[in-house]
Amino acid sequence: MRLTLCLTVKDEAALLPEFLARARGLWDELVAVDTGSTDGTVGLLEAAGAHVLHRPWTGDFSAARNPALEAATGDWVLVLDPDEQVSEGFVREVRALLARADVGAATVRMHNPRPGGQLHVADLLRLFRRHPSIRFRHPIHEDVTESVMARLSETGQAVVALRSPVVHLGYARAHAATREKKARDVAILDRALSGDPDDLYLHFKRLEQARFWGDAALWRRAAGEAKAAVGRAPARLRPHFQGELAVMVAEGLHPGAPADALSELNVLAGVLDRPSAAVSCRRGEWLERLGRLDEARAAFHAALACRTKESHEQFAGVRPRMGLVRLGLARGDVAAARAVLEEVLREAPLDREACLAAASLEGLAGAAAVESWARGRAADSPEGQARLHAASEWALLSCAPQLAVSCLRALAGEPPRGAQGLQLAQALLAAGEVEPARSLARELMAALPEAGLTVLLCDLALGESSELELALEPAEAEAALRQAARLLRTAALPEVKRSLAGAVPALAETFPWLARELGTGP
């Protein structure tokens, strides 16, 4: 069995050498579509033995991907991007799968690092047997699921899930680049929907954009338009996204109002053609917030009952189990909560909520127990980093800033950088190490303009004036300052709060809410 690896590229010379090195032994044929590179991308690919096709960029990702599928000659096709890093384990797992006659496709487990050390995991259909009927659809968030599943229904072959992760760096790039990515992606989706306003997959992807970026205005608009489209064309709902679409519509139309969102979700769920783990899981979470705990427990069990080999692992496994953990703790049954939590951690040892719950249970014995748990895995391993991050979160929530500093030093690198570097600066401030906190925050400002707000707080704590010019929109600046102030409210030592309380009134005209967020005023 021969494997064709298909790429779509433009100016990827910085990422390609590592990508190609990691993918050694993975492919038998490499086909790349270049959409206008001006750096050394094409030369690097040709030197690696790739067949490079040249196509102009038209604002349509499917139009850029499909020429590679048409040119492929392998028995199998794997679709990746240069910012997706594979491992030796992934290479071995893929090569072993190719000979299985009962399998026709596989999902790839994509690890998406997010700001602040968070990790989003998604299983994406990227590996399949080559066939001329299989092509990408949609101009953005392009997808082959429908054509692959149609082909598998003809052959009787199965879809399996690869377990070795691929790390996607696309949402971990610089601040300005990610802002441009949002504007580009939303514009493409808006343009595509103007041509086909009833394409529910595109509505789903626009809702995902709104959720990812936390854009409340976009989310409300996208939710309203998606709900109208469902009313017009319910037959265009598909199993792999219909439940999540219903959840995001309800949440977008009724943010912060679980009772109203629950009512909306129940109406939308009546349109779906099958039970949905996403719907049951979110229904359980909203019932939990409303204090209807027995109903919430039933909803979480309903989500678990939806689990099949094709279902979304988070909604049909990890998230409802974590709901059961919370319910167990709410009724004081720590032993039952621990038992379910251990199941979650065996399945998803990097899950943020599960790791924080584990740290919190260790915290019943004190900060030393949390630190011992956090350092029970190698600091440079994914599980070790997940534990350190959870321990730092627990420490900041529990007013143990010295432990947070210790954990974040291990996470933020040397010199400290990124979102974890900024968290370290804020933890240093909370621990009373104001000068080191200010110095670190100043170093981070070039890459993270929001670090300037931590500099401002350090200046306040020292009783000094600030003169800062930050490349932030007013709303971004306010959000960053509120976030830092809330962290200090829970984590800062009393002497730090006292020093801030004396200086905050000077900013009352500009930030009238700051004293309240810091917990130093009404």
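Everything in this summary refers to the structure shown in the same document. (Residues numbered from 1 in each chain as written. Predicted model: local features only at pLDDT ≥ 70, side-chain atom pairs only at ≥ 80, totals over all residues. Heavy atoms only, no water.)

Here's the deal with the side chain of E142
Relative to the helices and strands, E142 is located in the loop between β7 (119-129) and α5 (145-155). Only 2.6 Å separates the side chain of E142 from the side chain of R65, close enough to count as a polar contact. Discounting residues that sit within four places of it in the chain, E142 has contacts with F61, S62, R65, F136, R137 and Y201. (Helix = DSSP H or I, 4+ residues; strand = E, 2+ residues; numbered from the N terminus. Polar contact = N/O pair within 3.5 Å; in protein donor to acceptor, adjacent residues only side chain to side chain. Contact = heavy atoms within 4.5 Å.)

With respect to the layout of surface pockets
The computed volume of the second largest pocket comes to approximately 270 Å³. What lines the second largest pocket is a set of 15 residues, among which L453, L456, L468, L470 and F511 lie closest to the centre. No other element matches the three residues that helix α21 (residues 451-462) contributes to the lining of the second largest pocket. Of the residues contributing to the lining of the second largest pocket, the split by class is eleven nonpolar, two polar and two charged. (1 Å grid on protein atoms, 1.4 Å probe; cavity = no way out; pocket = protein on both sides within 12 Å on 5 of 7 lines; lining within 4 Å. Points joined across faces, edges and corners; volume = space filled by probe spheres on them. Nonpolar A, V, L, I, M, F, W, Y, C, P; charged D, E, K, R; others polar.)

Brief notes about a nonpolar patch on the surface
Together, L329, V334 and L364 give the surface a local cluster of nonpolar side chains, amounting to about 260 Å² of exposed area. Checked against the element boundaries, L364 lands in the loop between α15 (352-362) and α16 (367-374). On the basis of relative accessibility, which here comes to 65%, the residue L364 falls in the exposed class. (Patch = residues over 30% accessible without salt bridge, like charges linked within 9 Å, V, L, I, M, F, W, Y side chains within 5 Å. Areas by Shrake-Rupley, 256 points an atom, 1.4 Å probe, with all protein chains shown as cover. Salt bridge = Lys/Arg side-chain N within 4 Å of Asp/Glu carboxyl O. Buried < 20%, exposed > 50% of the residue type's maximum accessible area, 1.4 Å probe, protein only.)

Quick look at empty space enclosed by the protein
Inspection of the entire model under this criterion finds two cavities of 30 Å³ or more. Reported here for the largest cavity is a volume of approximately 60 Å³. Forming the boundary of the largest cavity are R135, R137, H138, D143, V144, T145, E146, S147, Y201 and H240. Counting residues per element, the lining of the largest cavity draws most heavily on α5, which supplies three residues. In this structure, the second largest cavity occupies an estimated 30 Å³ of space. V230, L237, Q242, L245, A246, L268, V271 and L272 are the residues that line the second largest cavity. Per-element tally for the lining of the second largest cavity: the top contributor is helix α9 (residues 242-253), with three residues.

Describing the pattern of salt bridges
For the coordinates displayed, the defined rule picks out 43 salt bridges. Two residues, R95 and D28, come together in a salt bridge whose shortest N-O distance is 3.0 Å. Taken as a pair, R95 in helix α4 (residues 88-97) and D28 in the loop between α1 (16-22) and β2 (29-34) lie far apart in primary sequence, 67 residues in all. A relative accessible area of 29% places R95 in the partly exposed class. Ionic pairing is found between E353 and R326, a salt bridge with its closest N-O pair at 2.6 Å. Placement of E353 in helix α15 and of R326 in helix α13 (residues 313-330) is noted, with a sequence separation of 27 residues between them.

Description of the packing of helix α19 (residues 418-430) against helix α20 (residues 434-444)
Remark: α19 packs on α20, axes separated minimally by 7 Å, with the N-to-C direction vectors making an angle of 155 degrees. Between α19 and α20, the crossing angle belongs to the class labelled roughly antiparallel. Classified by chirality, the crossing of α20 by α19 is left-handed. Each of G418, G421, L422, L424, A425, L428 and L429 in α19 lies in contact with α20, whose residues at this interface are V434, P436, A437, L440, A441 and L444. For the contact of α19 with α20, the per-class residue count stands at eleven nonpolar, two polar and no charged. (Axes fitted to C-alpha atoms, helices over the stretch in contact; angles between N-to-C directions. Parallel < 35°, antiparallel > 145°, perpendicular 65-115°, else oblique. Left-handed = near helix turned anticlockwise from the far one by under 90°.)

A short note on the packing of aromatic side chains
All chains considered together, the criterion is met by six aromatic pairs. A ring pair is formed by F511 and W513, whose centres lie 5.7 Å apart and whose planes are at 65 degrees; its orientation type is edge-to-face. With respect to class, F511 is no different from W513; both count as buried. Linked through ring pairs, Y201, F204 and F241 together constitute an aromatic cluster. Its guanidinium or amino end placed over the ring of W286, R282 lies 5.8 Å from that ring's centre, counting from NZ or CZ. (Phe/Tyr/Trp six-rings, centres within 6.5 Å; stacked < 30°, edge-to-face > 60°. Lys NZ or Arg CZ within 6 Å of the ring centre and 35° of its normal.)

Remarks on the side chain of R126
Residue position: R126 is located in strand β7. Under the relative-accessibility criterion, R126 is labelled buried at 11%. At 3.0 Å, the side chain of R126 and the side chain of E84 are in polar contact. When neighbours within four sequence positions are excluded, R126 is seen to be in contact with V77, L78, V79, L80, E84, A106, V108 and M110.

Concerning the pairing of strand β1 (residues 3-9)
Most of β1 is tucked away, with seven of its seven residues classed as buried. Of the two faces of β1, the one holding L3, L5, L7 and V9 and the one holding T4, C6 and T8 are both buried throughout. Across six bridges, β1 lies against β2 in parallel orientation. If you follow C6 over to β2, its bridge partner there is V31. At this point the chain moves from β1, through α1, to the parallel β2, and the crossover so formed is right-handed. (Pairing = 2+ DSSP bridges. Right-handed = clockwise from strand over helix to strand, strands pointing away.)

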